Amino acid sequence: MGYLMESHLFNDGEIVIQASNLSVSRGNTIVLDNINLTIRQGDFVGLVGPNGSGKTTLLMAILGLLNTITGKVEILGQDSANMAHNGRVAWVSQAASNLPKNIRITVRELISLGVLNAKTMLPFMKRRQDIRKKVDNALSLVGLENVADVDISRLSGGQRQRAVIGRALVTNAEILVFDEPLVGIDRDSRNSLLKLLDDLCHIQKKTLLMVSHDIAAIRQSAHRVIYLDLIQLNDCCRGGIQYDGPPADFPDLLSLATLRGIRNVHSPEPIIISLKDGTEQSKIVANDSLREEE
Ligand SMILES: Nc1ncnc2c1ncn2[C@@H]1O[C@H](COP(=O)(O)OP(=O)(O)O)[C@@H](O)[C@H]1O
Ligand SMILES: [Mg+2]
C-alpha cells in the first residue's frame, strides 16, 4: 500500500509492545490481518480509522483479551495472553466516563479506586497517607482539584472523562491504553489533556496508545499515527494497518479517500492525484463522507 514506514526508527527506547503476525477475527470477518507492530517506551501513538475498522479490536488483542487466529503480542517482554502486564498497563475503555448516574461517588473516591490496580502495595502503615498523595497528584494532573469532593454525577462530560483518566494515571502504569478519551471533552480541556499526555510521554517516559476519531487532534499531539482500515483488494477484504508513520507524513484527505476507494459523487471525471510518498498515483478523489473532524 506504500504507507508503512520503519516505525521503530522513531525512538530508541526499549520495546514495550511487540505484535507479530497478529490476525484476529470478530464474527466471520478477519478484522486484523497480519499486524506487525513495535511500540517503544515513550511513544505517543495515535490510532485512527473509520468506525468498525478494528481500533478497539487491536487494543483488546494487544492486551491479550481476544483469541487470535495467528501471531502473538508481547507486552514488556511477556506474552500478553498470560496477563503478566497486569498493573503495568492502564486501560481507559471506550465510554468509560458513562458512569451510572445512580451511584454516588466523588471524584476523589473514583480516582482512589485506581490505586487498587497499582502494581505495588505499600506497607500498611504508610498506605493511606501515600494513597492520599498519589490521588492529590492525579487530581492536579487532570485539573480536577477544585471538584475533588463533588459527586461525579454533577460533573460535565469533559470533567468526567478527565476523572476516569485520573483513575488510570494513579495506577502508575507504564503503558496507557486509551480508547476514544477525547469524546465529549470541550476544546480547552482537550488541549490541556493532550499536553498532559504528551508530557507524560516525554517527561515520565510513559508509553501511550490512544484511539481517537479526531484526526486533527492526533496529528497535533501524537508522535506517530497508525491508520487502520478494511481495504478491498481485488476479491478479498484486508483489515489492517494502512499507514504507520509520523503525523507530518499522514496522507491528506484526498489520498486517504483514494486509499479507501471512495469516489467523488460530485465530479463526473476521475482526477489523478499523487500520494505523499511520491510512489503512487491514483484515480478518483475525495468525497464528503471522509471528513476530518474538528
Ligand atoms: N463482539 C463482537 N462480535 C462480532 N463482531 C464484532 C464484535 N465487536 C466488534 N465487532 C466487529 O469487528 C469490527 C471492528 O470493530 P471495532 O474493533 O469495535 O472497530 P472500531 O473500534 O474501529 O470502531 C466491526 O466490524 C465490528 O462490527
Ligand atoms: Mg472502537
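Residues numbered from 1 in each chain as written. Chains lettered and ligands numbered in written order. Predicted model: local features only at pLDDT ≥ 70, side-chain atom pairs only at ≥ 80, totals over all residues.

## Some remarks on unusual backbone geometry
With phi around 55°, E180 is a residue other than glycine that occupies positive phi space. Mapped onto the fold, E180 is located in the loop between strand 7 (175-179) and helix 5 (187-202). In this model, K205 sits at a positive phi of 60°, which is unusual for a non-glycine residue. When you line up the elements, K205 lands in the loop between helix 5 and strand 8 (207-211). The exposure class assigned to K205 is partly exposed, which follows from the 14 C-beta atoms found within 10 Å. (Helix = DSSP H or I, 4+ residues; strand = E, 2+ residues; numbered from the N terminus. Buried ≥ 20, exposed ≤ 12 C-beta atoms within 10 Å, placed from the backbone.)

## Comments concerning helix 4 (residues 157-169)
Residues spaced three or four apart along an α-helix point in a common direction, a consequence of the helix completing one turn every 3.6 residues. Between the first and last C-alpha of helix 4 there are 18 Å, a value that for 13 residues agrees with the 18 Å anticipated at 1.5 Å per step. Along helix 4, 11 of the 13 residues are buried, which leaves the element largely enclosed by surrounding structure. When helix 4 is considered as a whole, its buried residues turn out to be Q159, R160, Q161, R162, A163, V164, I165, G166, R167, A168 and L169. (Expected span 1.5 Å × (residues − 1).)

## Focus: the site of ligand 1
Residues in close proximity to ligand 1 include R26, G27, T29, V31, G49, N51, G52, S53, G54, K55, T56 and T57, which together make up its full environment. When residues of the shell around ligand 1 are traced back to their parent elements, those giving at least two are strand 2 (29-40) and helix 1 (55-62). In terms of residue class, the shell around ligand 1 is built from one nonpolar, nine polar and two charged. (Near = placed C-beta within 6 Å. Nonpolar A, V, L, I, M, F, W, Y, C, P; charged D, E, K, R; others polar.)

## Thoughts on the environment of K133
Mapped onto the elements, K133 comes out in helix 3 (residues 124-141). Measuring from C-alpha to C-alpha, the distance between K133 and V170 comes to 9.9 Å, with 37 residues separating the pair along the chain.

## With respect to the pairing of strand 6 (residues 89-92)
Neither face of strand 6 is exposed, since V89 and W91 on one face and A90 and V92 on the opposite face are all buried. Pairing of strand 6 with strand 7, which is carried by four bridges, proceeds in the parallel orientation. Residue pairing in the sheet places V92 in a bridge with F178 of strand 7. (Pairing = 2+ DSSP bridges.)

## A look at the confidence of the model for the chain
Should the pLDDT be low somewhere, the predicted coordinates at that spot are not to be read in detail. Residues at a pLDDT of 70 or more form 80% of the chain, whose mean pLDDT is 81. For the stretch residues 269-275, pLDDT sits under 50, and the model shows 16 contacts to residues farther than four places along the chain or on other chains. This stretch, residues 278-294, has a pLDDT under 50; its non-local contacts, to residues over four places away or in other chains, come to 44 contacts. (pLDDT = per-residue confidence, 0-100. Contact = placed C-beta atoms within 7 Å.)

## Details of the pairing of strand 1 (residues 15-26)
Both strand 1 and strand 2 contribute to a ladder of eight bridges, which runs antiparallel. Along strand 2, the bridge assignment pairs R26 with T29. If you look at the hairpin formed by strand 1 and strand 2, you'll find two residues sitting between the two strands, and G27 has a positive phi there, around 60°. Direction of pairing for strand 1 relative to strand 4 (residues 70-75): antiparallel, over a ladder of five bridges. Within strand 4, the position partnered with Q18 by the bridge is E74.

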